[in-house]
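Reading the structure
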Amino acid sequence: MASSMVTSSTSPVPPRPNLAFRRLRGQRSPAEFAAAVRRAAREIGERVSCDARYVGRVEAGEIRCPNYAYERVFLHMFPGRTLTDLGFAPRASVRGRRAHTAGETAGGCEPYDTQDPEETYDREESDVLRRAFMTGGGATVAAATLGPLGLATDATAAHRPLRRAGTSEAGALEEAVRRIRLLDDRHGADGLYRRAAAPLRAAYALLDAGATRQTTADRLHSGAGELAISVGWLAHDSGRFDDARSHYAEALATARVTGDDALEAHAFCNTAFLARDAGRPREAVRAAQAAQRVARPLGSARLMSLLALREAGGWAGLADRTGCEQALARAQALFERGASDADPEWMSFYGEAELEGLEAQCWSALGDWPRAARHARRAADLQDPHFTRNIALYTAELADDLARGGRPDEAGAKGLRVLELLGEVQSSRVQTMLAGTARVLLPHRRASGVSAFLERHASLPRTA
């Protein structure tokens with residue numbers, strides 16, 4: 001991009017701070033304001049990846065005119081105002097780079113060459129890149145939304161060097177992460193994992209190709225790390241623990257290279273969860289504690305609450321009831337502080353239902369079946385219908401707790417409910433839980449409701 005800019009012997013005009021935009025932010029921190037921008041985007045069906053860095057660049061004058069998506073969001077946030085009112089240059093003054101020579105002004109604006117070239121990409125070009133990334137054919141809805149970052153995959157193209165990435169690629173990568181999470185919430189991991197490998201390879205290929213600006217490189221590293229965690233979770237939920245461990249380690253390395261504390265905390269969070277599920281409870285405790293150390297300065301009480309729950313799960317696996325209860329109490333207290341703009345975007349799943357579900361798992365690991373069943377029931381009742389996979393998970397947990405707690409009839413009924421949900425959800429983890437419940441219920445096969453569950457469960461196709 002830089003090579004296409006008009007050169008001149010004159011010195012470039014330094015960016016002019018956007019004081020109008022700074023006044024609109026008011027007393028909110030850049031991170032708080034960025035969260036407000038993301039919320040406003042969701043209200044009108046837009047997707048922007050606004051963060052504190054972006055806000056800082058706008059206020060410093062590095063972004064003279066936002067791209068079309070941000071423009072729509074800002075005008076929605078501040079109705080009745082124009083881009084000029086918000087401190088931006090008119091779009092016409094920052095288009096047609098070749099039409100101006102360095103040092104010229106248009107419409108009273110800075111010369112175009114001081115504008116971040118990544119922020120004025122054409123709307124149609126951006127849409128094409130996003131469609132190329134997000135569509136890829138396939139037999140299922142899930143597969144159809146996970147194309148490989150718009151990179152060519154034919155044999156000839158494989159030998160062509162990648163062009164350096166810009167904001168369109170960074171935005172497509174961030175969108176892929178959101179899409180994978182959305183599909184996982186609805187359908188579970190089993191149908192997604194293999195399809196998600198291609199976007200992940202493409203993401204790291206973009207990192208190797210380099211970026212046009214450091215801010216874009218930072219977004220690409222963060223996006224690639226989050227994508228590695230998402231793909232790792234798909235492997236985790238599919239029972240591919242070795243693959244999951246590798247993807248989480250890749251995300252952790254990416255975070256360490258770039259000094260991204262938020263990404264590092266997320267990677268440690270998932271590593272702790274995996275260690276618990278893989279029967280390594282002491283590692284789960286250590287990973288959760290490491291996550292809490294790196295996350296503490298981030299200012300999110302909800303994140304710290306989730307990490308305390310990860311630690312509690314490790315203590316439960318070690319049969320340390322005191323350590324588990326202390327971590328659970330800390331998680332509850334932190335949760336009650338409420339949500340904040342500092343909460344990471346990936347934590348959208350963490351509400352009261354997840355809190356109850358994770359506590360149920362702790363009491364189950366400690367063998368307190370009645371207490372575990374109470375929390376699992378509340379989790380299933382509280383869960384937003386959007387999170388189909390989690391409803392199946394919590395109900396499976398409830399069925400197992402009821403079966404082990406001596407309530408086979410009710411356990412059979414809940415097991416049947418999970419079997420109904422498996423028409424929408426593909427999760428090896430849920431199926432493994434159901435298999436355990438079926439074994440516990442075998443001695444009660446003549447009980448009302450149990451036989452129907454066992455028969456339907458026996459007819460399930462066995463996964464490889």
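Notes on the structure in this doc start here. (Residues numbered from 1 in each chain as written. Predicted model: local features only at pLDDT ≥ 70, side-chain atom pairs only at ≥ 80, totals over all residues. Heavy atoms only, no water.)

Thoughts on the packing of helix α8 (residues 214-237) against helix α10 (residues 261-277)
Where α8 contacts α10, the axes come no closer than 10 Å and their chain directions differ by 10°. The pairing of α8 with α10 is recorded here as roughly parallel in orientation. Contact residues: α8 offers His-221, Ser-222, Gly-225, Glu-226, Ile-229, Trp-233 and His-236, while α10 offers Leu-263, His-266, Ala-267, Asn-270, Phe-273, Leu-274 and Asp-277. For the contact of α8 with α10, the residue count by class is six nonpolar, six polar and two charged. (Axes fitted to C-alpha atoms, helices over the stretch in contact; angles between N-to-C directions. Helix = DSSP H or I, 4+ residues; strand = E, 2+ residues; numbered from the N terminus. Parallel < 35°, antiparallel > 145°, perpendicular 65-115°, else oblique. Contact = heavy atoms within 4.5 Å. Nonpolar A, V, L, I, M, F, W, Y, C, P; charged D, E, K, R; others polar.)

Brief notes about the side chain of Arg-429
Summarising the element assignment, Arg-429 is placed in helix α18 (residues 428-441). Within the structure, Arg-429 has its side chain in polar contact with the side chain of Asp-237 (distance 2.9 Å). For Arg-429, the contacting residues outside a window of four places in its chain are Trp-233, Asp-237, Phe-273, Asp-277 and Leu-393. (Polar contact = N/O pair within 3.5 Å; in protein donor to acceptor, adjacent residues only side chain to side chain.)

A few points about the packing of helix α14 (residues 352-365) against helix α16 (residues 388-404)
α16 packs onto α14 with a crossing angle of 30° between their chain directions and a minimal axis gap of 11 Å. Of the possible angle classes, the one that applies to α14 and α16 is roughly parallel. In the packing of α14 onto α16, the handedness of the crossing is left-handed. Along its contact with α14, which presents Ala-353, Glu-354, Gly-357, Ala-360, Gln-361 and Ser-364, the element α16 presents Asn-390, Leu-393, Tyr-394, Glu-397 and Asp-401. Of the residues that constitute the contact of α14 with α16, the class distribution is four nonpolar, four polar and three charged. (Left-handed = near helix turned anticlockwise from the far one by under 90°.)

As for the environment of Arg-42
Its location among the elements puts Arg-42 in helix α2 (residues 30-43). Distance in space between the C-alpha atoms of Arg-42 and Val-73 is 9.0 Å, their sequence separation being 31 residues.

Here we look at unusual backbone geometry
Backbone geometry places Ala-319, a non-glycine residue, at a positive phi of 60°. Along the chain, the position of Ala-319 falls in the loop between α12 (301-317) and α13 (321-335). On the accessibility criterion, Ala-319 (61% relative accessible area) is exposed. (Buried < 20%, exposed > 50% of the residue type's maximum accessible area, 1.4 Å probe, protein only.)

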